[in-house]
Every structure is written in C-alpha cells, then in structure tokens.
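# A closer look at the structure
Spelled out, the chains give:
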Amino acid sequence: MQKADIELEIRSFLVAHFLAGRAEKLRDDGSLLGDVIDSTGVLDLVMYLQDRFAIVVEDDEVVPGNLDSVNNLVTYIAGKLHNNATGR
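Residues numbered from 1 in each chain as written. Predicted model: local features only at pLDDT ≥ 70, side-chain atom pairs only at ≥ 80, totals over all residues. Heavy atoms only, no water.

Moving on, we get to the overall build of the protein. Scanning the protein from N- to C-terminus turns up 4 helices and 0 strands. Secondary structure elements of the protein, listed N to C terminal, follow the sequence α-α-α-α. Whereas a compact globule of 88 residues would reach a radius of gyration of roughly 12 Å, the protein reaches 12 Å, a difference of no more than 12%. Each of the three principal axes of the protein carries a C-alpha extent, and together these read 40 × 25 × 20 Å. Split into buried and exposed, the 88 residues of the protein put 38% on the buried side. Contacts spanning at least 24 positions in sequence make up 58% of the contacts within the protein whose residues lie at least 6 apart. Total accessible area on the protein stands at roughly 5,300 Å², and carbon and sulfur atoms take up 48% of it. (Helix = DSSP H or I, 4+ residues; strand = E, 2+ residues; numbered from the N terminus. Rg over C-alpha atoms; globule rule 2.2 N^0.38 Å. Buried < 20%, exposed > 50% of the residue type's maximum accessible area, 1.4 Å probe, protein only. Contact = heavy atoms within 4.5 Å. Areas by Shrake-Rupley, 256 points an atom, 1.4 Å probe, with all protein chains shown as cover.)

Below, the structure written as structure tokens:
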C-alpha cells in the first residue's frame, strides 16, 4: 500500500468520525490530539488502524510521535506495514 493510499484512508476516517465531514479543518501537520481527537477518540483511532491496516498497535506506540498528525500517522502506518511485509 502506497503512502498516498494510507493518507486517503486515514483522512476519510478522521473527517467522518471526528470532524463531522468538515475536511477543511484537517491539516497534514496540524495536531490531532486534543484539537480533533480526545482520549476516547485515541482508542477509536487505534482500533480503526488495527482493523483497517491489519497491524498491532503496541501500548508503547500510542504516543504523539505516531498519532499526533496526519503526517505522523501515515509515516507510522507505512513503517508498520513495511515491517510486517519484511517479517520484522
């Protein structure tokens, strides 16, 4: 899966579930945590990522560096998918 595809999937989910369809409020590097997603929303996001991308999000990976922006999410998911594909 290409990064552009991952980004499209993540954007669609965030807009539909947290922004009531208002895509203009979603910036690539804008903070999601607190501004868009609250603590309960983080759980919803993690469940979505695990289900949609068939990955395991470890507890120690639930950090702003992985989840705080669209860019961070795309990089995190791409890395997880790459590691899964290469058996790491």
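On we go.
Moving on: the packing of aromatic side chains. Considering all chains together, one arrives at 3 aromatic pairs under this definition. Note on F13 and F18: the rings are 5.8 Å apart at their centroids and 80 degrees apart in plane angle, and the pair reads as edge-to-face. Judged on exposure class, the residue F13 and its partner F18 are both buried. Centroid distance F13 to Y48: 3.9 Å. Interplanar angle 5 degrees. Geometry classified as stacked. With F13 in helix α1 (residues 3–18) and Y48 in helix α2 (residues 39–53), the pair connects residues that are 35 residues apart, well separated along the chain. (Phe/Tyr/Trp six-rings, centres within 6.5 Å; stacked < 30°, edge-to-face > 60°.)

A few words on the side chain of E61. Structurally, E61 can be placed in the loop between α2 and α3 (64–67). Beyond its immediate sequence surroundings of up to four residues, E61 is in contact with V56, N66, Y76 and K80.

Between the first and last C-alpha of α2 there are 21 Å, a value that for 15 residues agrees with the 21 Å anticipated at 1.5 Å per step. Of all the residues in α2, the buried ones are G41, V42, L45, V46, Y48, L49 and F53. One side of α2 carries all its buried residues, which in axial view fall inside an arc of 160 degrees. Those residues of α2 that are exposed and angled more than 90 degrees off the buried face are L43 and D51. (Expected span 1.5 Å × (residues − 1). Arc of directions from axis to C-beta.)

Ranked by size, the top nonpolar core spans 26 residues in total, and within it I10, L14 and L49 carry the most contacts. Mapped by element, the contributors of at least two residues to this core are α1, α2 and α4 (70–86). Setting aside residues up to four positions removed in sequence, L49 forms contacts with I10, A54, I55, V57, L67, L73 and I77. (Core = buried A, V, L, I, M, F, W, Y, C linked by side-chain atoms within 4.5 Å.)

For E61, a relative accessible area of 18% translates into the label buried. For E61 and Y76, which are 15 residues apart along the polypeptide, the C-alpha to C-alpha distance reads 9.2 Å. Within polar-contact distance, the side chain of E61 engages the side chain of Y76 at 2.7 Å. (Polar contact = N/O pair within 3.5 Å; in protein donor to acceptor, adjacent residues only side chain to side chain.)

Mapped onto the fold, K25 is located in the loop between α1 and α2. Sequence-wise, K25 and E61 are 36 residues apart; in three dimensions their C-alpha atoms are separated by 25 Å.

With that settled, consider the side chain of N66. Among the structural elements, N66 can be located in helix α3. When neighbours within four sequence positions are excluded, N66 is seen to be in contact with E61, N72, L73 and Y76.

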